[in-house]
There are 2 protein chains.
Amino acid sequence: MEFTEAKNKFVQTWGALGSQWGINKTMAQIHALLMVSNEPLSMEDIMEELQISRGNASMNIRALIDWGIVYKEFKHGERREFFTAEKDLDELAIKIAKERSKREIKPALKVLKEVSADVDTKTTEGKYFAEQTDKLYEFVLKTDNIIEKATEYKDNWLTKLLMKMMK
Amino acid sequence: MEFTEAKNKFVQTWGALGSQWGINKTMAQIHALLMVSNEPLSMEDIMEELQISRGNASMNIRALIDWGIVYKEFKHGERREFFTAEKDLDELAIKIAKERSKREIKPALKVLKEVSADVDTKTTEGKYFAEQTDKLYEFVLKTDNIIEKATEYKDNWLTKLLMKMMK
DNA sequence: ATAAACTTTCATATATTTTTGAAAGTTTAA
DNA sequence: TTAAACTTTCAAAAATATATGAAAGTTTAT
């Protein structure tokens, strides 16, 4: 397979998969493109490669930078900005996990705690509701903690051992 | 807070969070509703509670059943079907993990393997591409395996120990 | 076998999300 | 300071995903 063909296939598929993960298609495609790029790309390069508008490119590059998985790069003697992806996959996984925890798990915890604590438990229904939401709260919290710990200690011996055991 | 108010808040928020996770709003809401419901609900109940159409209710209940996290229930002497949610949270997490692995990770692995193996590596670009996609493949595979093992052994002593260590 | 009671399907309508592109904003070299 | 070279913003347009509801399908009691 030609390089261009393979790259295209990869970028397109990654975009489609991104949609399922609640990440927009273009954002996933830009990230895919930068992941397999030898060298930094300019915004023009990205627009050209993906056939997207300037605004779209700008917004999604910015989002990737906010996630901390794409970096701006300055080339000597060049006015334009260039972009590269975080290529250390452990680092990438950690940043994605943290961002999703912040955006999706923390708000869930907040609501669960609120409704569980505030609901009127005089009725049977209310009691059951409080019980269920409390259990959910504890479970989600535990899960979030495990993710946090796993990302925190990714390099230490313990985790390496666990990884080995689990493989 | 009144039970009805708390329930509403929970169901609405869960729906909104579901969207971010790539799960449609109604599906998340139905699941939320069943999670905090004392007893099985009929399709009518669900339609009424969420103010949605019959078709919408039917499609999303079916999707939840396909995921294996909602069950049909038959009440003695009742013609209608009733529905309940899987309320064992470990079981719920496992089913969700398996379903997402099947739908989202496996296809990613497939593409990564394909493009990594098939790309023409005569050029520098091609070489780099093959290298990067291969690394990604290995990483995603490893992650998927960890999830698989973690769900498989959820009840045994080793996992319990790990959970404790990680808490 | 029939009809009542229910569920599913799917073409169309609605709602939501994403993309565009022109205008506004910013930066830098001279 | 200025103007060229670039980036960002945002209202409107396009694309995508979701919801509706009437018709078709299924099941069950008689």
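See above for the structure.
Residues numbered from 1 in each chain as written. Chains lettered and ligands numbered in written order. Predicted model: local features only at pLDDT ≥ 70, side-chain atom pairs only at ≥ 80, totals over all residues. Heavy atoms only, no water.

### Some thoughts on the overall build of chain A
Scanning chain A from terminus to terminus reveals seven helices and three strands. Beginning at the N terminus, the succession of helices and strands in chain A can be written as α-α-β-α-α-β-β-α-α-α. Computed over C-alpha atoms, the radius of gyration of chain A comes to 21 Å, more than 25% over the 15 Å expected from 2.2 N^0.38 for 167 residues, which places it beyond the range of a compact globule. Along the three orthogonal principal directions, the C-alpha set of chain A runs to about 70 × 40 × 35 Å. Considering chain A as a whole, with its 167 residues, one finds that 43% of them fall into the buried category. In chain A, the share of contacts with a sequence separation of at least 24, taken over all contacts with a separation of at least 6, comes to 54%. When the accessible surface of chain A is totalled, it reaches about 9,200 Å², and 54% of it is carbon and sulfur. Across chain A, the 27 positively charged side chains and the 28 negatively charged ones have centroids separated by 2 Å. (Helix = DSSP H or I, 4+ residues; strand = E, 2+ residues; numbered from the N terminus. Rg over C-alpha atoms; globule rule 2.2 N^0.38 Å. Buried < 20%, exposed > 50% of the residue type's maximum accessible area, 1.4 Å probe, protein only. Contact = heavy atoms within 4.5 Å. Areas by Shrake-Rupley, 256 points an atom, 1.4 Å probe, with all protein chains shown as cover. Lys, Arg positive; Asp, Glu negative; His and termini not counted. Charge placed at Lys NZ, Arg CZ, Asp CG, Glu CD.)

### Brief notes about the nonpolar core
Ranked by size, the top nonpolar core spans 42 residues in total, and within it Phe10, Ile30, Leu34 and Ile46 of chain A together with Phe129 of chain B carry the most contacts. Listing elements by their share of this core, those giving two or more residues are helix 1 (3-20), helix 2 (25-35), helix 3 (43-50), helix 4 (54-67), strand 3 (81-85) and helix 5 (89-118) of chain A together with helix 5 (89-118) and helix 6 (124-152) of chain B. In contact with Leu34 of chain A, other than residues within four places in its own chain, are Leu41, Ile46, Val70, Phe83, Thr84, Ala85 and Lys87 of chain A. (Core = buried A, V, L, I, M, F, W, Y, C linked by side-chain atoms within 4.5 Å.)

### A closer look at the packing of aromatic side chains
Given two aromatic rings, one states the distance between the centres and the angle between the planes to describe the pair. If you walk through the whole model with that rule in mind, you get six aromatic pairs over all chains. Considering the side-chain rings of Phe10 of chain A and Trp14 of chain A, the 5.3 Å spacing of their centres and the 40 degrees angle between planes classify their relative orientation as tilted. With Phe10 of chain A and Trp14 of chain A both in helix 1 and four residues apart, the pair spans about one turn of that helix. Across this residue pair, the class does not change: Phe10 of chain A and Trp14 of chain A are buried. On the basis of an interplanar angle of 85 degrees and a centroid distance of 6.0 Å, the ring pair of Phe10 of chain A and Phe129 of chain B is categorised as edge-to-face. Taken together, the positions of Phe10 of chain A in helix 1 and Phe129 of chain B in helix 6 put the pair across two chains. Like Phe129 of chain B, Phe10 of chain A is buried. A connected cluster of aromatic rings, assembled from ring pairs, spans Phe3, Phe10 and Trp14 of chain A together with Phe129 of chain B. (Phe/Tyr/Trp six-rings, centres within 6.5 Å; stacked < 30°, edge-to-face > 60°.)

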